[in-house]
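# Observations on chain architecture
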Amino acid sequence: MNKWIIVFGFLLACHLPDGQPTQKPVLPGAYLLSEYIPKLESKRIGLVVNHSSLVSKTHLVDTLIRLNMQVAKVFTPEHGFTGTASDGEQVEYRDDYRPFELISLYGKNKKPTQQQLEGLDVMVFDIQDVGTRFYTYISTMHLVMEACAERGLPLLILDRPNPNGSYVDGPVLDTAHRSFVGMHPIPIVHGMTVGELSLMINGEGWLGGQLRCDLEVVPVKNWDHQMPYYLPVRPSPNLPDDLSISLYPSLCLFEGTLLSVGRGTDFAFQQIGHPEYPDRDYSFTPLSREGAKWPPYENETCYGRSWIGQTPSYSFTIAPLIDAYHKMNKRKDFFTNYFTKLA
(Lines give C-alpha, C1' and ligand atoms only; values in the text may rest on other atoms or scores of the structure.)
Protein backbone atom coordinates (compact mmCIF):
# COMPACT_ATOMS: atom_id res chain seq x y z
CA MET A 1 0.00 0.00 0.00
CA ASN A 2 2.78 2.46 0.85
CA LYS A 3 4.27 2.32 -2.65
CA TRP A 4 0.99 3.62 -4.14
CA ILE A 5 0.95 6.48 -1.64
CA ILE A 6 4.48 7.37 -2.74
CA VAL A 7 3.56 7.18 -6.45
CA PHE A 8 0.43 9.26 -5.89
CA GLY A 9 2.34 11.88 -3.93
CA PHE A 10 4.91 12.16 -6.69
CA LEU A 11 2.24 12.61 -9.38
CA LEU A 12 0.38 15.17 -7.32
CA ALA A 13 3.51 17.16 -6.57
CA CYS A 14 4.36 17.30 -10.28
CA HIS A 15 0.88 18.03 -11.60
CA LEU A 16 -1.60 19.78 -9.36
CA PRO A 17 -4.89 20.45 -11.23
CA ASP A 18 -4.78 23.79 -13.03
CA GLY A 19 -6.64 26.54 -11.22
CA GLN A 20 -6.87 24.66 -7.93
CA PRO A 21 -5.30 25.98 -4.69
CA THR A 22 -2.07 24.36 -3.54
CA GLN A 23 -3.63 23.38 -0.19
CA LYS A 24 -6.26 20.68 -0.20
CA PRO A 25 -6.73 20.49 -3.97
CA VAL A 26 -9.87 18.84 -5.31
CA LEU A 27 -8.92 15.24 -6.07
CA PRO A 28 -11.17 13.20 -8.38
CA GLY A 29 -11.37 9.50 -7.58
CA ALA A 30 -8.87 8.63 -10.33
CA TYR A 31 -6.19 10.62 -8.48
CA LEU A 32 -6.48 8.44 -5.37
CA LEU A 33 -4.28 5.61 -6.59
CA SER A 34 -3.75 4.10 -3.16
CA GLU A 35 -7.51 3.52 -2.83
CA TYR A 36 -8.04 1.52 -6.00
CA ILE A 37 -4.76 0.20 -7.46
CA PRO A 38 -4.64 -2.68 -4.92
CA LYS A 39 -8.10 -3.71 -6.15
CA LEU A 40 -6.79 -3.96 -9.73
CA GLU A 41 -3.53 -5.82 -9.21
CA SER A 42 -3.28 -9.18 -11.02
CA LYS A 43 -6.67 -8.62 -12.68
CA ARG A 44 -7.68 -8.18 -16.32
CA ILE A 45 -9.21 -4.71 -16.43
CA GLY A 46 -11.88 -3.19 -18.62
CA LEU A 47 -12.01 0.61 -18.65
CA VAL A 48 -14.92 2.88 -19.63
CA VAL A 49 -13.14 6.14 -20.40
CA ASN A 50 -12.70 9.04 -22.81
CA HIS A 51 -10.39 12.04 -23.16
CA SER A 52 -11.55 13.42 -19.78
CA SER A 53 -10.23 10.41 -17.84
CA LEU A 54 -7.12 12.12 -16.55
CA VAL A 55 -4.94 11.54 -13.53
CA SER A 56 -3.61 15.06 -13.32
CA LYS A 57 -2.22 15.52 -16.85
CA THR A 58 -1.81 11.83 -17.70
CA HIS A 59 -4.59 9.64 -19.07
CA LEU A 60 -5.88 6.89 -16.80
CA VAL A 61 -5.02 4.26 -19.44
CA ASP A 62 -1.39 5.40 -19.53
CA THR A 63 -1.28 5.70 -15.75
CA LEU A 64 -2.40 2.11 -15.25
CA ILE A 65 -0.15 0.69 -17.96
CA ARG A 66 2.87 2.46 -16.44
CA LEU A 67 1.98 0.84 -13.12
CA ASN A 68 1.98 -2.58 -14.85
CA MET A 69 -1.78 -3.05 -14.55
CA GLN A 70 -3.37 -5.42 -17.09
CA VAL A 71 -5.56 -3.10 -19.19
CA ALA A 72 -7.30 -5.58 -21.51
CA LYS A 73 -10.22 -3.63 -23.00
CA VAL A 74 -11.14 0.05 -23.26
CA PHE A 75 -14.78 1.05 -23.86
CA THR A 76 -15.76 4.55 -25.01
CA PRO A 77 -19.04 6.57 -24.89
CA GLU A 78 -20.55 9.12 -27.30
CA HIS A 79 -17.87 11.32 -28.94
CA GLY A 80 -15.35 8.46 -28.77
CA PHE A 81 -12.01 8.04 -27.05
CA THR A 82 -10.68 11.44 -28.13
CA GLY A 83 -13.95 13.30 -27.45
CA THR A 84 -14.01 14.77 -30.95
CA ALA A 85 -16.82 12.87 -32.72
CA SER A 86 -19.98 14.89 -33.38
CA ASP A 87 -23.14 14.50 -31.32
CA GLY A 88 -25.07 11.45 -32.45
CA GLU A 89 -22.20 10.30 -34.70
CA GLN A 90 -21.61 6.56 -34.56
CA VAL A 91 -18.08 5.63 -33.56
CA GLU A 92 -16.27 2.49 -34.68
CA TYR A 93 -12.59 1.58 -34.39
CA ARG A 94 -10.27 -0.18 -36.80
CA ASP A 95 -8.26 -3.15 -35.60
CA ASP A 96 -5.02 -1.19 -35.38
CA TYR A 97 -2.36 -2.62 -33.10
CA ARG A 98 -2.56 -1.44 -29.51
CA PRO A 99 -1.90 -3.21 -26.21
CA PHE A 100 -5.64 -3.39 -25.49
CA GLU A 101 -8.89 -3.84 -27.40
CA LEU A 102 -10.74 -0.56 -28.09
CA ILE A 103 -14.54 -0.91 -28.16
CA SER A 104 -17.16 1.73 -28.96
CA LEU A 105 -20.34 1.93 -26.91
CA TYR A 106 -21.76 4.44 -29.38
CA GLY A 107 -21.76 2.38 -32.55
CA LYS A 108 -23.21 -1.06 -33.19
CA ASN A 109 -24.20 -1.35 -29.54
CA LYS A 110 -24.56 1.04 -26.62
CA LYS A 111 -24.52 -1.70 -23.99
CA PRO A 112 -21.47 -3.94 -23.65
CA THR A 113 -22.24 -7.42 -24.95
CA GLN A 114 -21.44 -10.43 -22.82
CA GLN A 115 -18.90 -11.43 -25.46
CA GLN A 116 -17.17 -8.05 -25.10
CA LEU A 117 -16.93 -8.59 -21.34
CA GLU A 118 -15.38 -12.03 -21.65
CA GLY A 119 -11.99 -12.45 -19.99
CA LEU A 120 -12.37 -9.42 -17.70
CA ASP A 121 -12.08 -9.58 -13.92
CA VAL A 122 -13.17 -6.00 -13.17
CA MET A 123 -14.61 -2.94 -14.93
CA VAL A 124 -13.64 0.67 -14.13
CA PHE A 125 -15.73 3.71 -15.12
CA ASP A 126 -14.04 7.12 -15.14
CA ILE A 127 -15.68 9.87 -17.23
CA GLN A 128 -16.33 13.54 -16.47
CA ASP A 129 -20.06 14.35 -16.44
CA VAL A 130 -21.85 17.74 -16.32
CA GLY A 131 -24.87 16.87 -14.17
CA THR A 132 -27.79 16.89 -16.60
CA ARG A 133 -30.25 14.09 -17.30
CA PHE A 134 -29.79 14.25 -21.09
CA TYR A 135 -25.98 14.10 -21.11
CA THR A 136 -25.43 10.59 -22.44
CA TYR A 137 -22.40 9.56 -20.40
CA ILE A 138 -24.71 8.62 -17.52
CA SER A 139 -26.80 6.48 -19.90
CA THR A 140 -23.62 4.65 -20.88
CA MET A 141 -22.85 4.17 -17.19
CA HIS A 142 -26.32 2.70 -16.62
CA LEU A 143 -25.92 0.17 -19.45
CA VAL A 144 -22.42 -0.76 -18.26
CA MET A 145 -23.81 -1.35 -14.76
CA GLU A 146 -26.54 -3.53 -16.23
CA ALA A 147 -24.13 -5.57 -18.35
CA CYS A 148 -21.79 -6.04 -15.39
CA ALA A 149 -24.70 -7.11 -13.16
CA GLU A 150 -25.79 -9.69 -15.73
CA ARG A 151 -22.29 -11.16 -15.82
CA GLY A 152 -21.48 -10.84 -12.11
CA LEU A 153 -18.57 -8.56 -12.99
CA PRO A 154 -17.58 -6.00 -10.31
CA LEU A 155 -17.64 -2.33 -11.34
CA LEU A 156 -15.43 0.35 -9.80
CA ILE A 157 -16.46 3.98 -10.40
CA LEU A 158 -13.83 6.67 -10.00
CA ASP A 159 -15.95 9.68 -9.15
CA ARG A 160 -15.49 13.25 -10.37
CA PRO A 161 -17.06 16.57 -9.28
CA ASN A 162 -20.27 17.75 -10.92
CA PRO A 163 -19.80 21.33 -12.22
CA ASN A 164 -23.60 21.79 -12.06
CA GLY A 165 -23.81 20.01 -8.73
CA SER A 166 -24.77 22.96 -6.52
CA TYR A 167 -28.52 22.82 -7.29
CA VAL A 168 -31.41 20.63 -8.45
CA ASP A 169 -34.02 21.93 -10.90
CA GLY A 170 -36.19 21.17 -13.91
CA PRO A 171 -38.89 18.59 -14.61
CA VAL A 172 -38.51 14.96 -13.59
CA LEU A 173 -38.53 12.57 -16.54
CA ASP A 174 -41.81 10.87 -17.36
CA THR A 175 -40.50 7.35 -17.98
CA ALA A 176 -43.03 6.90 -20.80
CA HIS A 177 -40.50 8.99 -22.74
CA ARG A 178 -37.44 7.04 -21.60
CA SER A 179 -34.59 7.12 -24.15
CA PHE A 180 -30.81 7.28 -24.31
CA VAL A 181 -31.06 11.02 -23.53
CA GLY A 182 -33.19 10.31 -20.47
CA MET A 183 -33.16 6.94 -18.72
CA HIS A 184 -34.01 7.84 -15.12
CA PRO A 185 -36.90 9.60 -13.31
CA ILE A 186 -34.68 12.43 -12.14
CA PRO A 187 -34.78 16.21 -12.80
CA ILE A 188 -32.97 17.78 -15.75
CA VAL A 189 -30.42 19.16 -13.27
CA HIS A 190 -30.05 16.26 -10.85
CA GLY A 191 -27.25 17.58 -8.64
CA MET A 192 -25.41 14.25 -8.37
CA THR A 193 -21.96 13.05 -9.30
CA VAL A 194 -21.80 9.92 -11.47
CA GLY A 195 -20.82 7.94 -8.38
CA GLU A 196 -23.81 9.18 -6.41
CA LEU A 197 -26.14 8.50 -9.35
CA SER A 198 -24.76 4.98 -9.74
CA LEU A 199 -25.61 4.26 -6.11
CA MET A 200 -29.12 5.65 -6.68
CA ILE A 201 -29.60 3.48 -9.79
CA ASN A 202 -28.57 0.43 -7.78
CA GLY A 203 -30.58 1.35 -4.70
CA GLU A 204 -33.78 2.20 -6.57
CA GLY A 205 -33.66 -1.00 -8.62
CA TRP A 206 -33.56 0.82 -11.96
CA LEU A 207 -31.43 -1.77 -13.72
CA GLY A 208 -33.25 -4.23 -15.95
CA GLY A 209 -34.74 -7.22 -14.18
CA GLN A 210 -34.24 -5.54 -10.80
CA LEU A 211 -30.57 -6.49 -11.00
CA ARG A 212 -28.02 -5.02 -8.62
CA CYS A 213 -24.51 -4.26 -9.77
CA ASP A 214 -21.51 -5.31 -7.66
CA LEU A 215 -20.55 -1.66 -7.31
CA GLU A 216 -17.88 0.35 -5.50
CA VAL A 217 -17.30 4.11 -5.76
CA VAL A 218 -14.05 5.93 -5.06
CA PRO A 219 -15.38 9.36 -4.03
CA VAL A 220 -13.90 12.77 -4.77
CA LYS A 221 -11.69 14.18 -2.03
CA ASN A 222 -11.76 17.80 -0.78
CA TRP A 223 -14.93 18.77 -2.69
CA ASP A 224 -18.57 19.35 -1.76
CA HIS A 225 -21.59 20.33 -3.82
CA GLN A 226 -21.37 24.03 -3.01
CA MET A 227 -17.80 24.30 -4.28
CA PRO A 228 -17.26 25.49 -7.86
CA TYR A 229 -15.33 23.14 -10.10
CA TYR A 230 -13.73 24.25 -13.35
CA LEU A 231 -13.06 21.44 -15.79
CA PRO A 232 -9.47 21.08 -17.04
CA VAL A 233 -10.72 19.76 -20.42
CA ARG A 234 -13.94 20.24 -22.36
CA PRO A 235 -16.15 17.25 -21.52
CA SER A 236 -17.53 17.04 -25.09
CA PRO A 237 -16.86 18.90 -28.35
CA ASN A 238 -19.62 21.48 -27.97
CA LEU A 239 -19.14 22.40 -24.33
CA PRO A 240 -15.99 24.48 -24.77
CA ASP A 241 -15.82 26.16 -21.35
CA ASP A 242 -17.48 26.82 -18.01
CA LEU A 243 -20.01 29.27 -19.48
CA SER A 244 -21.33 26.66 -21.92
CA ILE A 245 -21.45 24.07 -19.14
CA SER A 246 -23.47 26.41 -16.90
CA LEU A 247 -25.91 27.31 -19.72
CA TYR A 248 -26.21 23.77 -21.07
CA PRO A 249 -29.08 22.61 -18.78
CA SER A 250 -31.30 25.43 -20.04
CA LEU A 251 -30.15 25.84 -23.63
CA CYS A 252 -30.03 22.13 -24.49
CA LEU A 253 -33.84 22.23 -24.64
CA PHE A 254 -33.43 24.29 -27.83
CA GLU A 255 -32.09 21.11 -29.45
CA GLY A 256 -35.74 20.04 -29.53
CA THR A 257 -36.79 23.18 -31.44
CA LEU A 258 -36.16 24.84 -34.78
CA LEU A 259 -33.35 26.96 -33.36
CA SER A 260 -29.60 26.36 -33.45
CA VAL A 261 -27.58 26.35 -30.23
CA GLY A 262 -24.43 27.39 -32.06
CA ARG A 263 -23.01 24.00 -32.99
CA GLY A 264 -20.41 24.59 -35.66
CA THR A 265 -19.12 27.77 -33.99
CA ASP A 266 -16.63 28.53 -31.21
CA PHE A 267 -19.49 29.34 -28.84
CA ALA A 268 -21.86 26.38 -28.81
CA PHE A 269 -24.43 26.58 -26.00
CA GLN A 270 -23.68 30.27 -25.54
CA GLN A 271 -26.02 31.48 -28.29
CA ILE A 272 -29.26 30.58 -30.03
CA GLY A 273 -30.45 31.51 -33.48
CA HIS A 274 -32.43 30.85 -36.65
CA PRO A 275 -32.31 32.34 -40.16
CA GLU A 276 -35.81 33.78 -39.63
CA TYR A 277 -35.40 35.05 -36.07
CA PRO A 278 -36.89 38.57 -36.02
CA ASP A 279 -34.21 40.30 -33.91
CA ARG A 280 -31.33 41.04 -36.29
CA ASP A 281 -28.85 42.67 -33.90
CA TYR A 282 -26.86 39.46 -33.35
CA SER A 283 -25.90 36.74 -35.80
CA PHE A 284 -23.63 33.72 -36.30
CA THR A 285 -22.97 31.25 -39.12
CA PRO A 286 -22.55 27.53 -38.30
CA LEU A 287 -19.80 25.74 -40.22
CA SER A 288 -19.03 22.04 -40.44
CA ARG A 289 -16.03 21.20 -38.23
CA GLU A 290 -14.58 18.50 -36.04
CA GLY A 291 -17.12 17.70 -33.35
CA ALA A 292 -19.93 19.40 -35.28
CA LYS A 293 -20.25 17.81 -38.69
CA TRP A 294 -23.21 19.13 -40.67
CA PRO A 295 -24.60 21.41 -37.93
CA PRO A 296 -28.13 22.81 -38.26
CA TYR A 297 -28.24 25.71 -40.73
CA GLU A 298 -24.74 25.00 -41.97
CA ASN A 299 -23.35 28.02 -43.87
CA GLU A 300 -26.54 30.02 -43.19
CA THR A 301 -26.68 33.25 -41.19
CA CYS A 302 -28.62 32.70 -37.98
CA TYR A 303 -30.00 35.65 -36.03
CA GLY A 304 -30.73 35.39 -32.36
CA ARG A 305 -29.39 35.94 -28.87
CA SER A 306 -25.97 35.64 -27.24
CA TRP A 307 -24.65 35.02 -23.73
CA ILE A 308 -21.01 35.16 -24.87
CA GLY A 309 -18.71 36.86 -22.35
CA GLN A 310 -21.05 36.54 -19.38
CA THR A 311 -19.92 35.15 -16.05
CA PRO A 312 -21.18 31.59 -15.54
CA SER A 313 -24.33 31.50 -13.39
CA TYR A 314 -25.36 28.04 -12.30
CA SER A 315 -29.15 27.96 -12.59
CA PHE A 316 -31.91 26.54 -14.76
CA THR A 317 -34.50 28.58 -16.64
CA ILE A 318 -36.96 28.16 -19.51
CA ALA A 319 -37.35 31.93 -19.95
CA PRO A 320 -35.18 32.06 -23.13
CA LEU A 321 -37.20 29.18 -24.59
CA ILE A 322 -40.53 30.93 -23.94
CA ASP A 323 -39.16 34.21 -25.29
CA ALA A 324 -37.91 32.58 -28.51
CA TYR A 325 -41.22 30.73 -28.96
CA HIS A 326 -43.11 34.02 -28.88
CA LYS A 327 -40.63 35.81 -31.12
CA MET A 328 -40.99 33.00 -33.69
CA ASN A 329 -44.77 33.71 -33.65
CA LYS A 330 -45.59 30.46 -31.82
CA ARG A 331 -44.96 28.47 -34.97
CA LYS A 332 -46.58 25.05 -34.91
CA ASP A 333 -43.29 23.50 -35.97
CA PHE A 334 -41.24 25.35 -33.32
CA PHE A 335 -41.02 22.23 -31.13
CA THR A 336 -39.88 18.91 -32.59
CA ASN A 337 -40.62 15.42 -31.27
CA TYR A 338 -37.15 15.41 -29.75
CA PHE A 339 -38.20 18.14 -27.32
CA THR A 340 -40.45 15.67 -25.46
CA LYS A 341 -37.52 13.31 -24.92
CA LEU A 342 -35.36 16.13 -23.56
CA ALA A 343 -37.99 17.78 -21.37
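Look above for the structure.
What you see is a predicted model, and the numbers here were worked out from it, not measured in a lab.

### Quick look at the overall build of the protein
Helix and strand content of the protein: nine helices and 13 strands. The C-alpha radius of gyration computed for the protein amounts to 20 Å, which stays within 12% of the reference 20 Å derived for 343 residues, consistent with globular compactness. Principal axes of the C-alpha set define a box for the protein whose edges measure 65 × 45 × 40 Å. Taking all contacts inside the protein whose residues are at least 6 apart in sequence as the whole, residues at least 24 apart take part in 71%. Accessible surface, the protein as shown: approximately 15,200 Å² in total, 49% of it carbon and sulfur. Seen as two clouds, the 30 positive and the 37 negative side-chain charges of the protein have centres 2 Å apart.

### Remarks on helix H6 (residues 194–204)
Buried within H6 are the following residues: Val194, Gly195, Leu197, Ser198, Ile201 and Asn202. Within H6, the buried residues cover an arc of 160° as seen down the axis, which keeps them to one side. Each element contacted by the buried residues of H6 is listed here: strand S6 (122–126), helix H5 (137–151), strand S7 (155–158) and strand S10 (215–218). Following H6 by one or two positions, Gly205 adopts a phi angle in the positive range, close to 70°.

### Focus: the pattern of salt bridges
Here the structure, examined in full by the defined rule, presents 12 salt bridges. Ionic pairing is found between Glu89 and Lys293, a salt bridge with its closest N-O pair at 3.3 Å. Here the residue Glu89 occupies a position in the loop between strand S4 (70–76) and strand S5 (101–104), and Lys293 occupies one in the loop between strand S12 (283–284) and strand S13 (302–306), the gap between them amounting to 204 residues. On the basis of relative accessible area, Lys293 is assigned to the partly exposed category, the value being 40%. Of the charged contacts in the structure, one is a salt bridge between Arg263 and Glu255, with a shortest N-O distance of 2.4 Å. Its relative accessible area of 22% is what places Glu255 among the partly exposed residues. Through salt bridges with shared partners, one network takes in Asp87, Glu255 and Arg263.

### What to know about the side chain of Glu146
Here Glu146 lies in helix H5. Polar side-chain contacts of Glu146 include one of 2.6 Å to the backbone nitrogen of Gly208. Residues within four places of Glu146 in sequence aside, it is in contact with Lys111, Leu207, Gly208 and Leu211.

### Some points on the side chain of Glu78
Summarising the element assignment, Glu78 is placed in the loop between S4 and S5. Buried Glu78, no salt bridge; nearest opposite-charge side chain is Arg263, N-O distance 6.8 Å. In terms of polar contacts, Glu78 uses its side chain to reach the side chain of Thr136, at 2.5 Å. In this structure Glu78 touches Asp87, Gly88, Tyr106, Thr136 and Tyr137, once residues within four positions along its chain are discounted.

### Overview of helix H7 (residues 242–251)
The buried fraction of H7 amounts to nine of the 10 residues, a majority that puts the element mostly inside the structure. Residues of H7 that are buried: Leu243, Ser244, Ile245, Ser246, Leu247, Tyr248, Pro249, Ser250 and Leu251. Where H7 is buried, its residues contact strand S9 (187–189) and strand S11 (271–274). Looking at where H7 begins, the residue whose side-chain oxygen comes 3.2 Å from the main-chain nitrogen of Leu243 is Asp241.

### Focus on the nonpolar core
Counting residues in each nonpolar core, the largest one holds 65 residues, and the members touching the most others are Met123, Leu155 and Leu259. In terms of residue count, the dominant contributor to this core is H5 (eight residues). Look past the residues within four positions of Leu259 in its chain and what remains in contact with it is Phe254, Ile272, Gly273, His274, Tyr277, Tyr297, Ala324, Met328 and Phe334. Counting residues in hydrophobic clusters, the runner-up holds 26 residues, among them Tyr31, Val55, Leu67 and Val122.

Cut-offs used in this document
- Residues numbered from 1 in each chain as written.
- Predicted model: local features only at pLDDT ≥ 70, side-chain atom pairs only at ≥ 80, totals over all residues.
- Heavy atoms only, no water.
- Helix = DSSP H or I, 4+ residues; strand = E, 2+ residues; numbered from the N terminus.
- Rg over C-alpha atoms; globule rule 2.2 N^0.38 Å.
- Contact = heavy atoms within 4.5 Å.
- Areas by Shrake-Rupley, 256 points an atom, 1.4 Å probe, with all protein chains shown as cover.
- Lys, Arg positive; Asp, Glu negative; His and termini not counted.
- Charge placed at Lys NZ, Arg CZ, Asp CG, Glu CD.
- Buried < 20%, exposed > 50% of the residue type's maximum accessible area, 1.4 Å probe, protein only.
- Arc of directions from axis to C-beta.
- Salt bridge = Lys/Arg side-chain N within 4 Å of Asp/Glu carboxyl O.
- Polar contact = N/O pair within 3.5 Å; in protein donor to acceptor, adjacent residues only side chain to side chain.
- Core = buried A, V, L, I, M, F, W, Y, C linked by side-chain atoms within 4.5 Å.

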